[in-house]
Amino acid sequence: MDISVFGSGYVGLVAGACLADVGHQVICIDVDAARIERLKAGDIPIYEPGLGELVSQNVAAGRLRFTTDTASAITHSEVLFIAVGTPPDEDGSADLRHVLAVAKSIGAHMNDYKLVVDKSTVPVGTADKVHAAVAEALAARGEPLPFDVCSNPEFLKEGAAIEDFTRGARIIVGTDSDHVEARMRACYAPYNRNHDKLMFMSVRAAELTKYAANAMLATKISFMNEIACLAERLDVDVEEVRRGIGSDPRIGYHFIYPGCGYGGSCFPKDVQALERTAREHGYQPALLSAVEKVNYAQKRTLFTKLSTALGDVRGKTIAVWGLAFKPDTDDMREAPSRELMEALWQAGARVQAFDPEAMAECRRLYGERDDLVLTFDRIQAIKGADALVICTEWKAFRSVDLAWLADELSARLVVDGRNLFDLNSATRAGLRYIGVGRNNLVDAVAV
């Protein structure tokens, strides 16, 4: 099939590369000319395991190309994916300007039947707005050309996006058209061979499913962090509780790891957008509001735990392991590390940080500053530091000589925002170890 994907960011680039990889002819379009030139040169602007190789292979095979020429991409392809960003507006709602701008361009340039596929994460009712925008542009031209709009939300995890696209649990399509169903089945046929993963439903149901899925996962995280806060006050190790409830198949182990809060480009934005949608329709979403409130507080616990145990942090040097909001990505959007570092700088502390992938992103965000040193590895981040804070659960941080760590840190203090270390082993090594929901903070301060 001839496919055009609008937006060469995280979702668009992964979708385009994966669709090209199974034989479709794919064009990725972006208004950012510099980004397109980077992609043409083989420079992938985001970190995602395996994506660089996948893009280069399909470019070399002639199945994937990049352009800023919107008109030619629209006329060339039958299936047009909209995968542009929907950043949160000031009120928390999703900003649809980029989505609707693409829809207007489609209406202005289409020359025959087009299937418009909403891939971006958008509020319920967006497909109607896209349909109206295309129809309005066609009417302005006096061209009553046929087209359809369907919803096909993405369910990609950063760090495992290619696996999720190619071997995902489901492929959801919102449509009431038999023709659209047939074309989408043809589009995804190579990824639908083992068993039928395609789920067809109404457009509005598909749009809500995406938000509901992310809100449910965010809810599990905030729930477990709430239990962790309670465990600290009851002198209970929350890791034992996690194993106990996770063994129940109705609950499972996924997304019940206590930590320093969720971040990234999806959960914070989508929970806020769904919350806003509910209020616009006269419903007060108490649970969604609580999920966001708990997460907001949880991302600030790292500084609270550190300053409580260390005292005044002014003039102190704090090592930070992990800058990305999760492993296997360089994305620092809404990352707990940012809350921590900004609080430390405001309090007069100095940061020495290391992350396997997010160093360039951190430098882009904060520039050169005297109170931030980005080190070459985790060991250099520890040198001369008073305490260590772990923000991201990279595998490289899991196996550490705890006795060495105790000797290197002048305050012998570790605040583990991801519960990577064994509590008893850390204590025996001489560390003042503070996890999330694992020990009474008063006791940890007194060690």
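Keep in mind that what you see is a predicted model, and the values were worked out from it rather than measured.

(A) Spotlight on the overall build of the chain. Tallying secondary structure elements over the chain gives 19 helices and 14 strands in all. Taking 447 residues into account, the globule formula puts the C-alpha radius of gyration at 22 Å, and the chain, at 24 Å, falls close to it. Here the C-alpha coordinates of the chain stretch approximately 75 × 45 × 40 Å along the principal axes. Across the 447 residues of the chain, 54% fall into the buried class. Taking all contacts inside the chain whose residues are at least 6 apart in sequence as the whole, residues at least 24 apart take part in 71%. Surface accessibility of the chain: about 19400 Å² in total, with carbon and sulfur atoms responsible for 52%. The chain carries 50 positive and 62 negative side-chain charges, and their two centres are separated by 2 Å.

(B) Just helix 1 (residues 10–21), in detail. The terminal C-alpha atoms of helix 1, which comprises 12 residues, lie 17 Å apart, in line with the 16 Å expected from a rise of 1.5 Å per residue. Along helix 1, 11 of the 12 residues are buried, which leaves the element largely enclosed by surrounding structure. Among the residues of helix 1, those classed as buried are Y10, V11, G12, L13, V14, A15, G16, A17, C18, L19 and A20. Phi turns positive, to about 110°, at G23, one or two residues after helix 1.

(C) Seen up close, the confidence of the model for the chain. Mean pLDDT over the chain works out to 95, with 98% of the residues at or above the 70 mark. Throughout residues 442–447 the model reports pLDDT below 50, and contacts reaching past four residues in sequence, or to other chains, amount to nine contacts.

(D) Representation of the nonpolar core. With 56 residues, the main nonpolar core has W321, L323, L405 and F421 as its most contacted residues. If near-sequence neighbours (up to four positions away) are discounted, F421 is found in contact with W321, I390, F397, R398, V400, L402, L405, V414, D416, Y433 and R438. Counting 41 residues, the second-largest nonpolar core is a separate cluster that includes I36, A161, Y188 and Y191.

(E) Focus on the side chain of K210. Looking at the secondary structure, you find K210 in helix 9 (residues 203–234). Residue K210 is classed as buried on the basis of its relative accessible area of 4%. What K210 contacts, discounting residues up to four positions off in sequence, is T121, P153, E154, F155 and D270.

(F) Spotlight on unusual backbone geometry. Located in the positive-phi region is D235, a residue other than glycine, with phi close to 60°. Tracing the chain through its elements places D235 in the loop between helix 9 and helix 10 (238–246). Positive phi, normally seen in glycine, also occurs at E334, with a value near 60°. If you trace the backbone, E334 turns up in the loop between strand 9 (317–321) and helix 14 (336–346). For E334, a relative accessible area of 39% puts it in the partly exposed group.

Cut-off values and rules
Residues numbered from 1 in each chain as written. Predicted model: local features only at pLDDT ≥ 70, side-chain atom pairs only at ≥ 80, totals over all residues. Heavy atoms only, no water. Helix = DSSP H or I, 4+ residues; strand = E, 2+ residues; numbered from the N terminus. Rg over C-alpha atoms; globule rule 2.2 N^0.38 Å. Buried < 20%, exposed > 50% of the residue type's maximum accessible area, 1.4 Å probe, protein only. Contact = heavy atoms within 4.5 Å. Areas by Shrake-Rupley, 256 points an atom, 1.4 Å probe, with all protein chains shown as cover. Lys, Arg positive; Asp, Glu negative; His and termini not counted. Charge placed at Lys NZ, Arg CZ, Asp CG, Glu CD. Expected span 1.5 Å × (residues − 1). pLDDT = per-residue confidence, 0-100. Core = buried A, V, L, I, M, F, W, Y, C linked by side-chain atoms within 4.5 Å.

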